[in-house]
Amino acid sequence: GAGVSQSPSNKVTEKGKDVELRCDPISGHTALYWYRQSLGQGLEFLIYFQGNSAPDKSGLPSDRFSAERTGGSVSTLTIQRTQQEDSAVYLCASSGDGNSGNTIYFGEGSWLTVV
Amino acid sequence: AQSVTQLDSQVPVFEEAPVELRCNYSSSVSVYLFWYVQYPNQGLQLLLKYLSGSTLVKGINGFEAEFNKSQTSFHLRKPSVHISDTAEYFCAVSPYGTSGSRLTFGEGTQLTVNP
């Protein structure tokens, strides 16, 4: 597609439930990132995928968070046993490759509210 | 490791006035520098970036930024703002010349342009 596409755009879930957030990067982009944006925390890196390499998971806040990228394209971020502090906007981004000078393009985000 | 400090969390200005949004960074290695804008309920959009060369960088929507290595700053400026410039602005860095590097963001500056 023309841009990074994320779904759902809004999700309200009950505490303790699992949620899945989907990201469809720009076609042909090999690098894919997940960030979290929450009040008082700014923009926080979560995980990075580059081609077929092992992902950089160093930003995942706990073992309740996981992500996968199938076929080098679509990615799913899964949060298990959601907690209220997981409420945030989850932003997906992609770039042509992982070169640090390349522009990273962001999706519009998935707004997650845990009640 | 890198860190980014945006010195003003909120900047209110009147329409057609000039504006400067301040950004300082800290890094043990050379970095690329970026400014992103986030309009309400949207994802982040790249305004401009500094990779090398001229320290004055021009971006979209009439914005420009100047890289000052000695002061480790990358302030964003616009000579005359419009109501439509109301948004949150994020300064970010990534390490120079590496792959698989993610952006480290500042906390953001909310620019509000009043009529």
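Our structure is the block above this text.
Residues numbered from 1 in each chain as written. Chains lettered and ligands numbered in written order. Predicted model: local features only at pLDDT ≥ 70, side-chain atom pairs only at ≥ 80, totals over all residues. Heavy atoms only, no water.

*Asks:* Would you mind showing me how to read the sheet that holds strand S6 (residues 65-69) of chain A here?
*Replies:* Where strands meet in a sheet, backbone hydrogen bonds hold them as pairs that are either parallel or antiparallel. Residue and element names in this part refer to chain A. With respect to topology, 4 strands assemble into an open sheet ordered S1-S3-S7-S6, the strand pairing being antiparallel. Both edges of this open sheet fall to strand S1 (5-7) and S6, since each of them pairs with a single strand only. The average undirected angle you get between the axes of adjacent strands in this sheet is 15°. Of the pairings in the sheet, the one linking strand S3 (residues 19-24) to strand S7 (residues 75-79) comprises 5 bridges and is antiparallel in character. Bridging from a neighbouring strand, Val19 pairs with Ile79 of S7. (Pairing = 2+ DSSP bridges. Helix = DSSP H or I, 4+ residues; strand = E, 2+ residues; numbered from the N terminus. Axes fitted to C-alpha atoms, helices over the stretch in contact; angles between N-to-C directions.)

*Asks:* So what exactly am I meant to see when it comes to the interface of chain B and chain A here?
*Replies:* How big an interface is tends to be stated in terms of accessible area lost as the parts join. Across the contact, 24 residues belong to chain B and 23 residues belong to chain A. Interface area, chain B with chain A, both sides summed: about 1,800 Å², of which 52% is carbon and sulfur. Here chain B and chain A share 0 salt bridges between them. Applying the counting criterion to the chain B and chain A interface returns 4 residue pairs in polar contact (both at pLDDT 80 or more). For the side of chain B that touches chain A, the secondary structure elements donating two or more residues are strand S5 (31-38), strand S6 (44-50) and strand S10 (87-95) of chain B. Residue contributions to the side of chain B that touches chain A peak at 4 residues, all from S5 of chain B. Residues belonging to the side of chain B that touches chain A are distributed by class as follows: 11 nonpolar, 10 polar and 3 charged. (Contact = heavy atoms within 4.5 Å. Buried area = accessible area lost by both parts, 1.4 Å probe. Salt bridge = Lys/Arg side-chain N within 4 Å of Asp/Glu carboxyl O. Polar contact = N/O pair within 3.5 Å; in protein donor to acceptor, adjacent residues only side chain to side chain. Nonpolar A, V, L, I, M, F, W, Y, C, P; charged D, E, K, R; others polar.)

*Asks:* Mind showing me how you'd approach unusual backbone geometry here?
*Replies:* Outside of glycine, negative phi angles account for most residues, and trans bonds account for most peptide bonds. That bond from Ser7 of chain A to Pro8 of chain A is cis: its omega, -10°, falls within 30 degrees of zero. Looking at where Pro8 of chain A falls in the secondary structure, it is placed in the loop between S1 and strand S2 (10-13). One non-glycine residue, Glu16 of chain B, lies in the positive phi region at around 75°. According to the relative accessible area criterion, Glu16 of chain B is exposed, its value standing at 60%. Notably, Thr72 of chain B is not glycine yet its phi reads approximately 45°, a positive angle. Within the secondary structure, Thr72 of chain B sits in the loop between strand S8 (64-68) and strand S9 (73-78). Given the relative accessible area of 28%, Thr72 of chain B is considered partly exposed. (Buried < 20%, exposed > 50% of the residue type's maximum accessible area, 1.4 Å probe, protein only.)

*Asks:* How should the pattern of salt bridges be read in this particular structure?
*Replies:* Once their charged atoms are close, side chains differing in charge can pair, the charge on each being opposite to the other. On inspection of all chains with the given rule, the structure shows 8 salt bridges over all chains. For Glu44 of chain A, the salt bridge identified is with Arg36 of chain A, shortest N-O distance 3.0 Å. For Glu44 of chain A, a relative accessible area of 23% puts it in the partly exposed group. The partner of Lys58 of chain B in a salt bridge is Glu64 of chain B, and the shortest N-O contact between them spans 2.8 Å. Judged by its relative accessible area of 60%, Lys58 of chain B falls in the exposed class. When its relative accessible area of 22% is taken as the criterion, Glu64 of chain B is described as partly exposed.

*Asks:* Help me out: how do you make sense of the state of the cysteines in this one?
*Replies:* By definition, a disulfide is the covalent link that joins the sulfur atoms of two cysteine residues. Evaluated as defined, the whole model comprises 2 disulfides over all chains. Across a sulfur-sulfur distance of 1.9 Å, Cys23 of chain A and Cys92 of chain A are joined as a disulfide pair. Residues Cys23 of chain A and Cys92 of chain A are joined through a disulfide that is left-handed, its torsion about the S-S bond being -70°. Within this pair, whereas Cys23 of chain A is found in strand S3, its partner Cys92 of chain A is found in strand S8 (residues 88-95), the two being separated by 69 residues in sequence. Both residues of the pair, Cys23 of chain A and Cys92 of chain A, count as buried. Cys23 of chain B shares a disulfide with Cys91 of chain B; S-S distance 2.0 Å. The disulfide joining Cys23 of chain B to Cys91 of chain B has a torsion of about -70° about its S-S bond and is therefore left-handed. Pair noted here: Cys23 of chain B is in strand S4 (residues 23-27) and Cys91 of chain B is in strand S10, with a separation of 68 residues, a long-range link. The exposure classification of Cys23 of chain B matches that of Cys91 of chain B, with both residues buried. (Disulfide = S-S within 2.5 Å.)

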